[in-house]
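# Structural overview for review
These are the residues of each chain, in order.
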Amino acid sequence: MRTILNFRKIVWVFIGLLIFTGILTYLQLPKRDIPEINVNVASISTVYPGATPQEVERTIITPMEEELLKTDGIEKITSASATGFGTVTVTLEERKSEKTKAQIQQKVSEVSRLFPEEVKNPDIHTDMTSSAVASYHITSDNREDLYQLRDQLNHWEKVLTDLPGVDSLLIKGLPEQRISIRLDQPQLNNYHLSPFSIINTLRDEITPSPIGTEKKEGTLRQLIFNKYSDIEDMENLVIGETSNGERLSLKDIGSTQVVNQNADDLIYYKGQPALSVTVLAKEGVNIRPLQDQLSDHINRLEKDLPAAITVDRFYTQSTVIDEVFTNLIISFGVSFIAVIFIMFLGLPLSSAVLVALSIPISIIIGLIPLPYVGVDLNQISMMGMIIAIGILVDDAIVVNDHIQRRFQLGDGPFEGTIKGVREVWKSIITSTLMIIFSFLPLSFLSGSNGDFIRALPTVLILTLIASTIIALLFIPTVQYTRKKRQSKESPIKSGLFGKGFDRLENVYADRLLPFTTRKPLFTALAGILTCTLLALLITRIPFEFFSAADRPEVTISIENPQGTAIQDTEKKLKDIAEYLEKNDKTITETAIYAGAGIPNLFNSGLERSGENTGQVVIRVDRDQTSAEEFIKKWKKPLRNKFPESDIFLETIVSGPPPSPPVEIQVQGSDLDILVSEAENARDLISHLNSTEMATINAKKQPFTEYSPERNILDENNITIEQVTSQLQLANTGVPLGTFDNGINRIPMEVLVDDGLDEGIALDQLTIISQNSRETEGPPNILSMDEMITTTPAERIGVIPHLNGKRTITVEGYPAEGMEQTFSTQSAEVIKKIKDQLPKGYSLVESGESDAQSDFFVEITKLFVIVLFLIYLTIAIHFNSLLMPLLITFTVFLAVTGAIVGLFISGQPLSFLAVLGIVSLSGIVVRNSVILIEFIENNHKFYRDRVEAVVEAGRARIRPIILTSLTSIAALTPIIFTDDVLFKPLAISIISGLLFSTVLTLLLVPSFYLIISKKKEPKEY
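Just so it is clear, the structure is predicted and the values come from calculations on it, not from any experiment. Every chain begins its residue count from 1, and numbering advances along the sequence as written. Only residues with pLDDT of at least 70 get local features here, since the model is predicted, and only at 80 or more are side-chain atom pairs given and counted; chain-wide, interface and lining totals rely on the full set of residues. The basis for the side-chain values is all heavy atoms of the structure; hydrogens and waters are excluded.

Time to look at the overall build of the protein. Note on conventions: DSSP H or I runs of at least 4 residues are helices, E runs of at least 2 residues are strands, and numbering of each starts at the N terminus. Scanning the protein from terminus to terminus reveals 31 helices and 32 strands. In terms of overall dimensions, the protein has a C-alpha envelope of 130 × 80 × 60 Å along the principal axes. Exposure classes here rest on a 1.4 Å probe applied to the protein chains alone. A residue is buried below 20% of its type maximum, exposed above 50%, and partly exposed in between. Counting all 1020 residues of the protein, 52% fall into the buried class. Within the protein, contacts between residues at least 6 apart in sequence are counted, and of these 80% link residues at least 24 apart. Accessible surface is estimated by sampling points in the Shrake-Rupley manner with a 1.4 Å probe; for residues, cover comes only from the protein chains shown. Accessible surface, the protein: about 47200 Å² in total, of which carbon and sulfur atoms supply 53%. Note on contacts: a residue pair qualifies if any of its non-hydrogen atoms lie within 4.5 Å across the two residues.

Structure representation (structure tokens):
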């Protein structure tokens, strides 16, 4: 300390450099709504045109899963085999994700080489961390006009993805194109042509033919074999000849044209057909500057669109960020002012100003390491700063108080400063370590919850470290300089409420402490009993993982029966939107997404999408209602109005997306038995009086079974492969590959035109009898309806897997206000279901209840670690094993206070409320440390144990109350802003601090007397 005081100007320069660096860091830190959550998920989708779910499962999904399950670093694999395609979702272990992603791509590539020729290459997505910056709707009165914008949108994609920070562009509603070659069946019959010979000719034409090089006259020349490079020229391709020897071209027996494939999405915005364009940002990008660039480019690009086309901005993350940061900055400012006001009440003006100055300095310096630990500015990190405001002044207050005390005792500037710091530096470092230890384990929470909350403990710890540096370096040097420059002794000053604090000290030391310490054992037992009874109130507090955010969006997701066409889904979504708009005047905006659903904008997506699924986004006027109230109002009416659809209403939650309340997964091998057991489980759960609805993720859908007349096939030497190939040609077409002329890459397919746009006209399809080749005369042509019998049937439309096993999921949702009853009743039903399963079938429980159990197990472990670290720190500080037990007892007081506060306020025991309770452990024990350390020091001056306790209480009640009040004042504005995410956190910390501060002052002296008497019975 002597060196620091002698070189104080260098210290100030060093702090000034840190402040400058902190300001630069603030200006460069990305700002966003919530922290980026690392999604350790890989998605693989594969298209197998025309294949049944069983064929997709057998041919694609099972071989892929078998290889992936051998890969190290994979936590879970789920999959779904549906008609014509299959999807695999791989959840990765957090610490091995990057290496595992590379292995997944390699394994999928190896497996896909064994797939049938018709199967398209798997689409692998291993980077799922991109967040949406903005989303736009391009609208027109005519959907076909939108489909003509393909070239413009390709230009948009090129321009926008060239912007720094833009990862990709997601365009929904614009169908892919393909080159469709349609062969005329009568013409094929007329010229006795097989469609498969034409397919081979076409493949030869589009397949590259490298013919090498030649050396001529000393020059090496590349040889080029010219093939058709234009789609129109393809129609002139010779594919055979007539009986007269005339050449037949492709246009003689069919047509070639570029067509749109069936759309995956049909979108409507404000009643008009629309396309959705969503801009996705790279990880760690500063959203606000990027949005400014996007807006400029979109405005310029929009001018090139036809007059009938309009562009509407549907969502921007920057708008949400501005709203969130405005509220948080207001709360930050109010908290700052409230803390300063508290300090002016208890400290002299000059001391209050000096301590107040340490707040912004500590926060600015604490920003410096944030980019290096992967933390940006978001509402979670900002909340860490707000909590820190009330805590970080504690060290400055204590150091300043002790230096001023030494000056008042007559010490000179140099000696008084050194002695004042020497008295408390160990306690300050100890108390700082205890707070760090209380928050540090929170940064190790696993999964998306850990990613979501990690910024809060990180910011708080870094800010506290900075505040400790300021308290031990900046405060002493300034106070030393001020004292040194004083020409004469100034009178002792106190804060605005100085006399009030003096009276409070006297009441506490002369009345309360003598009363509570007269019978310390009785006081201690009464305190323990009271706290225990109050702690039981926790059973009356509802649990809510994350509350709904205060946002205007409500997402309505529907799932129609399997086999529903996307046009019918679109109509159903329109009916829902019109019904709501007609009956609810609080709706300001609607958007309809039939098919794959909305982009990832509002933490709402379809787990499994198809033509039978879709979503409606409703925006409500928040001045008239809230998203939660809208959901409560319309959930039942919508389900009653549209009973044939599974309808879910949700809004954005202030955290990671929640799981269903109850989720059970039934596993087994036989599909019929598996479906039967899953349906039984669904029925049992849905019949509970506390259940609102129960769903199942594997339902039956209509199929048509084609049974071959094998006698006819055998008589005519026709193989099954010939029949199925002909059916495929007429229905889904045969993929040829990709037409690539160096400019465009478009997939090609060949179909036989049977006269029907949908389905197969068996009477129009023919196959030439293979026996005709052995006899003279015209060939025997057989109609398909002679060889095939059709039968309607019902089968499962999707075959789900979990870790390679067939698994059907049942989800249950409670009726409003019956969550606790539902949890109890469903647990009993699940046990009954599990006991009744046939041999070889099993049940796996998951869902929100399971997630809550996992969370409480993890948070309990962390809480134990926190208490152990705090105990260890105090034990080292006091060189005692009993004294830390007394100090850590105040954690129980704080937990009780938090429970009482949540109960009185009616707030749920949420994720952040629990974290607030855990973090209290480090905040509250510092008051006990300060009090007990002074009691221990007073042993040198007072022979009577009780007198030592009373005088220590008189000396330390002011800093204890001041430090508690500053923490309370910092968080009080959060309560009045009605922030649904942080209000439970603020209440738990404020009530815990308030309760523990009062009981610490009343109970800790009594506990100390009991322990010290047993520890040193002969000392006094």
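Now that the structure has been shown, we can carry on.
Here we come to the nonpolar core. The biggest cluster of nonpolar side chains holds 212 residues, and the ones touching the most others in it are Ile138, Met343 and Ile556. Residues in contact with Met343, not counting those within four places in the same chain, are Ala352, Val355, Ala356, Ile359, Val393, Ile397 and Thr966. Only buried Ala, Val, Leu, Ile, Met, Phe, Trp, Tyr and Cys residues count toward a nonpolar core, and they belong to the same one when joined by side-chain atoms within 4.5 Å. Counting 36 residues, the second largest nonpolar core, distinct from the first, contains Ile199, Val734, Val752 and Leu765.

Attention shifts here to the environment of Leu442. Following the sequence through the fold, Leu442 ends up in the loop between α15 (413–439) and α16 (447–453). Considered as a pair, Leu442 and Ile781 are 339 residues apart in the sequence and their alpha carbons are 76 Å apart. Non-local contacts of Leu442, meaning those with residues more than four positions away in its chain, are made with Ile453, Pro457, Ile859, Leu915 and Val918.

What makes a salt bridge here is a side-chain nitrogen of Lys or Arg within 4 Å of a carboxyl oxygen of Asp or Glu, nothing more. Under the criterion given, the structure shown has 32 salt bridges. Across the pair Arg178 and Glu749 runs a salt bridge, and its minimum N-O distance is 2.2 Å. Of this pair, Arg178 sits in strand β7 (residues 177–184) while Glu749 is found in strand β25 (residues 745–753), placing the two residues 571 residues apart along the sequence. Salt-bridge contacts for Glu951 lead to Arg954; the nearest nitrogen and oxygen are separated by 3.2 Å. Placement of both Glu951 and Arg954 in helix α30 (residues 945–976) is noted, with a separation of 3 residues, approximately one turn of the helix. In this structure Glu951 comes out as partly exposed when scored by relative accessible area, which is 21%. Connected through shared salt-bridge partners, Arg551, Glu553, Glu589 and Arg619 make up one network.

Relative to β25, strand β24 (residues 734–740) is paired through 6 bridges, and the arrangement is antiparallel. Bridging from a neighbouring strand, Asp740 pairs with Arg745 of β25. Pairing between two strands requires that DSSP report at least two bridges joining them. Count of turn residues in the β24/β25 antiparallel hairpin: 4 residues, of which Gly742 carries a positive phi of about 90 degrees.

Further remarks concern the environment of Val88. Tracing the chain through its elements places Val88 in strand β3 (residues 85–92). When the C-alpha atoms of Val88 and Pro800 are compared, they prove to be 9.6 Å apart, with 712 residues separating the residues in sequence. Look past the residues within four positions of Val88 in its chain and what remains in contact with it is Ala42, Ser43, Ile44, Ile61, Met64, Leu68, Ile77, Thr78 and Ser79.

A separate point is the side chain of Thr25. Relative to the elements of secondary structure, Thr25 occurs in helix α2 (residues 8–28). According to the relative accessible area criterion, Thr25 is buried, its value standing at 10%.

A fitted line through C-alpha atoms represents every axis, and for helices the fit uses only the stretch in contact; the resulting angles, taken between N-to-C directions, go from 0 to 180 degrees. The geometry of helix α14 (residues 379–408) relative to α15 is characterised by a closest axis approach of 8 Å and an angle of 155 degrees between their N-to-C directions. Considering their axes alone, α14 and α15 lie roughly antiparallel with respect to each other. The interaxial crossing formed by α14 with α15 has right-handed handedness. Facing α14, whose interface residues are Ile391, Asp395, Val398, Val399, His402, Ile403, Arg405, Arg406 and Phe407, α15 presents Pro413, Gly416, Thr417, Lys419, Gly420, Val421, Glu423, Val424, Ile428, Ser431, Thr432 and Ile435. Throughout this description, any angle smaller than 35 degrees is read as roughly parallel, any larger than 145 degrees as roughly antiparallel, any in the 65 to 115 degree range as roughly perpendicular, and the remainder as oblique. We call a crossing left-handed when the near helix sits turned anticlockwise from the far one by less than a right angle, and right-handed when that turn is clockwise.

For the rest of this paragraph, the subject is the domain arrangement of the protein. Residue ranges for the domains originate in an automatic or database domain assignment. The domain boundaries assigned to the protein delineate domain 1 (1–30 + 347–482), domain 2 (39–128), domain 3 (194–213 + 222–252 + 702–796) and domain 4 (519–545 + 880–1019). A C-alpha centroid distance of 23 Å is found between domain 1 and domain 4. The term buried area refers to how much accessible surface (probe radius 1.4 Å) is lost by two components on association, counted for both of them together. Buried area between domain 1 and domain 4, summed over both chains or domains, comes out near 2500 Å², and the portion from carbon and sulfur atoms is 74%. On the domain 1 side of the contact with domain 4, Met383, Asp394 and Met434 bury the most area, a combined 18% of that side's loss. In this assembly, domain 1 and domain 4 are joined by 0 salt bridges. Here a polar contact is recorded for every N or O atom pair within 3.5 Å, except that within protein the pair must consist of a potential hydrogen donor and a potential acceptor, and residues adjacent in sequence are included only if both atoms are side-chain atoms. At the boundary of domain 1 and domain 4, one finds 0 residue pairs in polar contact (both at pLDDT 80 or more). The set of elements that each furnish at least two residues to the side of domain 1 that touches domain 4 consists of α14, α15 and α16.

Ring pairs are drawn from Phe, Tyr and Trp, using the six-membered ring of Trp, whenever the two centres fall within 6.5 Å, and their geometry is named by plane angle: stacked under 30 degrees, edge-to-face over 60, tilted for the rest. Inspection of every chain in the model, using the stated rule, returns 7 aromatic pairs. Relative to Tyr813, the ring of Phe648 lies with its centre 5.2 Å away and its plane at 55 degrees, an arrangement referred to as tilted. With a gap of 165 residues between them, Phe648 in strand β20 (residues 646–651) and Tyr813 in strand β30 (residues 805–814) connect regions that are remote in the sequence. For Tyr813, a relative accessible area of 18% puts it in the buried group. For the ring pair Phe889 and Phe892, a centre distance of 6.1 Å and an interplane angle of 50 degrees mean the geometry is tilted. With Phe889 and Phe892 both in helix α28 (residues 883–905) and 3 residues apart, this pair spans about one turn of that helix. Classification of Phe889 as buried rests on a relative accessible area of 15%. Three or more aromatic residues joined by ring pairs form one cluster here, namely Tyr579, Trp634 and Phe642. Note on criteria: charge over ring means Lys NZ or Arg CZ within 6 Å of the ring centre, with the direction from the centre no more than 35 degrees off the ring normal. Here the guanidinium or amino end of Lys31 rests over the ring plane of Tyr26, the centre of that ring lying 4.8 Å away.

Bringing the sheet that holds β24 into the picture now. Remark on secondary structure: sheet strands pair via backbone hydrogen bonds, oriented parallel or antiparallel. Spatially, 4 strands are ordered β12-β7-β25-β24 in an open sheet, and the strand pairing comes out mixed. At either end of the open sheet lies a strand with only one pairing partner, and these are β12 (254–260) and β24. Averaged over all pairs of adjacent strands, the angle between their axes in this sheet comes to 30 degrees, without regard to strand direction. Two elements, β7 and β12, share 7 bridges in a ladder whose sense is antiparallel. Within the sheet, the bridge partner assigned to Arg182 lies in β12 and is Ser255. Here helix α8 (residues 195–206) sits on the sheet and contacts β7, β24 and β25; the angle it forms with β24, its principal contact strand, is near 20 degrees.

Another point: the pairing of β7. If a strand is regular, its side chains alternate between the two faces of the sheet. Pairing of β7 with β25 involves 6 bridges; the strand directions are parallel. Across the sheet, residue Asp184 finds its bridge partner in β25, namely Asp753.

A few words now on helix α18 (residues 498–518). Owing to its 3.6 residues per turn, the α-helix brings residues three or four apart onto one side. Under the 1.5 Å per step criterion, the end-to-end length of α18 is 29 Å for 21 residues, consistent within 8% with the ideal 30 Å. Across the chain, bend at a residue is computed as the angle between axes fitted to the seven residues ending at that point and the seven starting from it. At Leu512, α18 shows its maximal bend, which comes to roughly 35 degrees, and the proline Pro514 appears one to four places after that position. For α18, the complete set of buried residues consists of Gly498, Gly500, Phe501, Glu505, Tyr508, Ala509, Leu513, Thr516 and Thr517. By definition here, a helix of n residues has an expected span of 1.5 Å times n minus one.

The next thing to look at is the packing of α18 against α30. As a packed pair, α18 and α30 sit with axes 9 Å apart at the nearest point and diverge in direction by 140 degrees. On the basis of their axis angle, the class for α18 and α30 is oblique. Helix-helix and strand crossings are classified by hand; for α18 and α30 the assignment is right-handed. Each of Gly498, Phe501, Asp502, Leu504, Glu505, Asn506, Tyr508, Ala509, Asp510, Leu513 and Thr517 in α18 lies in contact with α30, whose residues at this interface are Val946, Val949, Val950, Gly953, Arg954, Ile957, Arg958, Ile961 and Leu962. The classification used treats Ala, Val, Leu, Ile, Met, Phe, Trp, Tyr, Cys and Pro as nonpolar, Asp, Glu, Lys and Arg as charged, and all other residues, Gly among them, as polar. When the residues that make up the contact of α18 with α30 are grouped by side-chain class, the tally is 11 nonpolar, 4 polar and 5 charged.

With respect to the helices and strands, Glu217 occurs in the loop between β8 (213–216) and β9 (219–222). When its relative accessible area of 75% is taken as the criterion, Glu217 is described as exposed. Along the primary structure Glu217 and Phe501 are separated by 284 residues, whereas in three dimensions their C-alpha atoms are 106 Å apart.

On the basis of relative accessibility, which here comes to 11%, the residue Glu749 falls in the buried class. In contact with Glu749, other than residues within four places in its own chain, are Arg178, Ile179, Ser180, Ile181, Thr732, Val734, Pro735 and Leu736.

Bringing helix α11 (residues 287–302) into the picture now. Spanning 16 residues, α11 covers 22 Å between terminal C-alpha atoms, matching the ideal 22 Å at 1.5 Å per step. Every buried residue of α11 is accounted for by Ile287, Leu290, Gln291, Leu294, Ser295, His297, Ile298 and Leu301. For α11, the elements touching its buried residues are β5 (131–139), α6 (150–161), β6 (166–172), β14 (272–281), β15 (310–316) and α12 (317–346).

Moving on to a nonpolar patch on the surface. Among the surface-exposed residues, Phe20, Ile23, Leu24, Tyr26 and Leu27 lie close enough to one another that they form a single nonpolar patch of about 480 Å² accessible area. Looking at the secondary structure, you find Leu24 in helix α2. Two distance rules govern patches: like charges are joined within 9 Å, and nonpolar side chains (Val, Leu, Ile, Met, Phe, Trp, Tyr) within 5 Å, applied only to residues with over 30% relative accessible area and no salt bridge.

The next thing to look at is unusual backbone geometry. Residues other than glycine seldom take positive phi values, yet His192 does so here, at roughly 55 degrees. One can find His192 in the loop between α7 (185–190) and α8.

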